[in-house]
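Residues per chain are reported as follows:
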Amino acid sequence: MDYVNITEIFLEYLKMNHAGKEKAVQSRYLENKFYISARNVRNIVNTLRCDGKPICSDESGYYYASTEEEVMNSIRQLNSRIDKIAEAKNGLINSMSLLHDSRCQFKLKFWIACEKG
């Protein structure tokens, strides 16, 4: 089974069996059902979301959204992750100033210039 087919089958499965937050399914179940890794579950979900499919997730698992509020909750969760990743990236950029190698100082200036556009 190729990646395109598994993605379509995965979508239809969620749509038919896990529509709405109350029917969320854990990643482990999907891994076993489709004989794929946790990473592949995340990649498929990301692909579907990028294609405009309303695949949501929360602490209960993954599900096909049945309301706009469910989609908005997932968007808020993703925005929170984006903010935390940006903080980590900025911390790493700032950490470069602790390095004494002159090449690193150049890299720090380069990153700052890139951030400013």
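So, here is what we can say about the structure in this document. Please read all numbers here as calculations on a predicted model, not as lab measurements.

Considering the overall build of the protein
Moving on, step 1. Assigned secondary structure in the protein consists of five helices and two strands.
Moving on, step 2. What you see in the protein, going N to C, is helices and strands ordered as α-α-α-β-β-α-α.
Moving on, step 3. Burial statistics for the protein: of 117 residues in total, 28% are counted as buried.
Moving on, step 4. In the protein, of all internal contacts separated by at least 6 residues, the share reaching a separation of at least 24 is 46%.
Moving on, step 5. Counting every atom, the protein has about 8,300 Å² of accessible surface; 56% of that belongs to carbon and sulfur.

A closer look at the side chain of His18
Moving on, step 1. With respect to the helices, strands and loops of the structure, His18 is situated in the loop between α1 (3–17) and α2 (27–34).
Moving on, step 2. His18 sits in the buried class, given a relative accessible area of 11%.
Moving on, step 3. A polar contact of 2.7 Å, which involves the side chain of His18, links it to the backbone oxygen of Lys23.
Moving on, step 4. Residues within four places of His18 in sequence aside, it is in contact with Tyr13, Lys23, Ala24, Val25, Tyr62, Tyr63 and Tyr64.

Focus: the nonpolar core
Moving on, step 1. Within the largest apolar cluster, 16 residues are counted, with the highest numbers of intra-cluster contacts made by Phe10, Leu14, Leu30, Phe34, Val41 and Ile55.
Moving on, step 2. Elements with a contribution of two residues or more to this core: α1, α2, α3 (38–50) and β2 (61–64).
Moving on, step 3. The biggest single contributor to this core is α1, with five residues.
Moving on, step 4. Setting aside chain neighbours within four positions, we find Val41 in contact with Phe10, Ser27, Leu30, Glu31, Ile36 and Tyr62.

Topic: the packing of aromatic side chains
Both the distance between ring centres and the angle between the ring planes are used here to describe each pair of aromatic rings.
Moving on, step 1. By the definition in use, this model includes two aromatic pairs.
Moving on, step 2. A centroid spacing of 5.3 Å and a plane angle of 40 degrees characterise the contact between Phe10 and Phe34, whose relative ring orientation is tilted. A residue pair is termed long-range when its members are at least 10 positions apart, and Phe10 in helix α1 and Phe34 in helix α2 qualify at 24 residues. Of the two residues, Phe10 and Phe34, neither departs from the other in class, the shared state being buried.
Moving on, step 3. Their ring planes at 80 degrees and their centres at 5.6 Å tell us that Tyr13 and Phe34 sit as a pair that is edge-to-face. You can see Tyr13 sitting in helix α1 and its partner Phe34 sitting in helix α2, a full 21 residues away along the chain.

Observations regarding the pairing of strand β1 (residues 55–58)
Moving on, step 1. Both faces of β1 are covered, namely the face carrying Ile55 and Ser57 and the face carrying Cys56 and Asp58.
Moving on, step 2. Where β1 hands over to β2, the hairpin turn is made up of two residues, counted between the paired strands.

Considering the pattern of salt bridges
Moving on, step 1. A complete count under the given rule lists three salt bridges for this structure.
Moving on, step 2. In this structure, Lys21 engages Asp58 in a salt bridge whose closest nitrogen and oxygen atoms are separated by 3.4 Å. With Lys21 in the loop between α1 and α2 and Asp58 in strand β1, this pair connects stretches of sequence that are 37 residues apart.

Quick word on helix α4 (residues 68–95)
Side chains that are three or four residues apart share a direction in an α-helix, a result of its 3.6 residues per turn.
Moving on, step 1. Compared with an ideal rise of 1.5 Å per residue, which puts 28 residues at 40 Å, α4 spans 41 Å between its outermost C-alpha atoms and is within 8% of the ideal.
Moving on, step 2. Considered for burial, the residues of α4 that qualify are Glu70, Ser74 and Ile93.

Rules and cut-offs
Residues numbered from 1 in each chain as written. Predicted model: local features only at pLDDT ≥ 70, side-chain atom pairs only at ≥ 80, totals over all residues. Heavy atoms only, no water. Helix = DSSP H or I, 4+ residues; strand = E, 2+ residues; numbered from the N terminus. Buried < 20%, exposed > 50% of the residue type's maximum accessible area, 1.4 Å probe, protein only. Contact = heavy atoms within 4.5 Å. Areas by Shrake-Rupley, 256 points an atom, 1.4 Å probe, with all protein chains shown as cover. Polar contact = N/O pair within 3.5 Å; in protein donor to acceptor, adjacent residues only side chain to side chain. Core = buried A, V, L, I, M, F, W, Y, C linked by side-chain atoms within 4.5 Å. Phe/Tyr/Trp six-rings, centres within 6.5 Å; stacked < 30°, edge-to-face > 60°. Pairing = 2+ DSSP bridges. Salt bridge = Lys/Arg side-chain N within 4 Å of Asp/Glu carboxyl O. Expected span 1.5 Å × (residues − 1).

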